[in-house]
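# Analysis of the macromolecular model
Listed below, chain by chain, are the residues.
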Amino acid sequence: RVSSAAAKPTAPSRGLLQSLVIKAQRQTLDEIGRAVGTDVVYLKAAWADPVLYGGRGERTGTDVDVLVRPQAFWPFAEALEARGFRLIDVGPEDRAADHVATAGTFEAPPGQMAVDLHRNLTYAPWFELDSDAMIDRAIAYPSIDGPILSLSPEDQIVYAAAHQANHGFAFHEKQIDDVVALLRMRPIDWDVVVSRAGTAHLRLALAMVGDGLVARGVSLPSGLVLSDRWGGLRRLALRRLVEPVRTVIGRRFPLHDLNNVPLPYSAQHYLLVLPLLSDRLLALPVFLAAQFRRQGLRALAHIGGRR
């Protein structure tokens, strides 16, 4: 005899419900992509849950992250808005001047998840990944939901380094776990990974992702480790700086990126953490020059207004 408690159907978990919502939403996003002429490459949980974890809702996220070709960003944005999504934190003036740096977050209508629409995956001038090239290399992974387009295995690892570097390694556990799961499924050409990370100025970030993989029992090639003295000094300094970058930027020190987009983290993040993470020696001077230029233009505009 089956007890009434055992016979009672179990409610689906929150993660599973999210997985089902994203599955339906991928169809909408793919339709938009075909209409505006871009592939839609799924990132993080939108790819990892169905491909790496069987679509059981074990890998959750706060939004649906996708990468599209840069030239298709605004047509894609308009198509999302026509379906009830709302681009937040970007006003009409910003839109006219194309002031979206790497991504735009779209608030979702009821019953759907927010969309984080990427046209770039790195913060300039610190790091540099070619979105079109990564989309060209993207592959369709088999999953319980059918084929899902995402970054190639090597690009997944480089992107993990880029994403963690963008945020100063302030949060990264889920994405490192995704890489571990990927390594169990797919062979990796580590020479390609190291080469692409080097081109993107992400070698130190890749080595730090490697630390997380080793801590999870992954055996890595020696070429992934940075053994030079400068790399060691940068790591030592970062251990003292990563934790404080979780703070939000204060009004007294507003910094902007190269496209004049307000930046969300503390000044320490952009003046200390990113320069240490980036292999690009001139990144900090380029960034500071943009800040001084912006302040100079504001001063000139103020003087002109007084006249």
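The notes below deal with the structure included here.

Let us now look at the packing of helix α7 (residues 153–166) against helix α9 (residues 190–199). The geometry of a pair of packed helices is captured by two quantities: the angle between their axes and the separation between those axes. At their nearest, the axes of α7 and α9 sit 9 Å apart, and the two run at 45° to each other. As far as their axial angle goes, α9 and α7 are oblique. Helix-helix and strand crossings are classified by hand; for α7 and α9 the assignment is right-handed. Taking contact as the criterion, the partners of Glu 154, Asp 155, Ile 157 and Val 158 in α7 are, on α9, Trp 190, Val 192, Val 193, Arg 196 and Ala 197. Across the contact of α7 with α9, the residue classes break down as six nonpolar, no polar and three charged.

Inspection of every chain in the model, using the stated rule, returns four aromatic pairs. Relative to Tyr 141, the ring of Trp 47 has its centre 5.5 Å away and its plane inclined at 65°; by these criteria the two rings are edge-to-face. You can see Trp 47 sitting in helix α3 (residues 45–52) and its partner Tyr 141 sitting in strand β6 (residues 139–141), a full 94 residues away along the chain. This pair shows no difference in class: Trp 47 is buried, exactly as Tyr 141 is. Judged by centre distance (5.0 Å) and plane angle (90°), the rings of Phe 73 and Trp 74 are edge-to-face. The class for Phe 73 is buried, based on a relative accessible area of 0%. Taken together, the ring pairs in this structure connect Trp 126, Tyr 270 and Phe 287 into an aromatic cluster.

The rules we used
Residues numbered from 1 in each chain as written. Predicted model: local features only at pLDDT ≥ 70, side-chain atom pairs only at ≥ 80, totals over all residues. Heavy atoms only, no water. Axes fitted to C-alpha atoms, helices over the stretch in contact; angles between N-to-C directions. Helix = DSSP H or I, 4+ residues; strand = E, 2+ residues; numbered from the N terminus. Parallel < 35°, antiparallel > 145°, perpendicular 65-115°, else oblique. Left-handed = near helix turned anticlockwise from the far one by under 90°. Contact = heavy atoms within 4.5 Å. Nonpolar A, V, L, I, M, F, W, Y, C, P; charged D, E, K, R; others polar. Phe/Tyr/Trp six-rings, centres within 6.5 Å; stacked < 30°, edge-to-face > 60°. Buried < 20%, exposed > 50% of the residue type's maximum accessible area, 1.4 Å probe, protein only.

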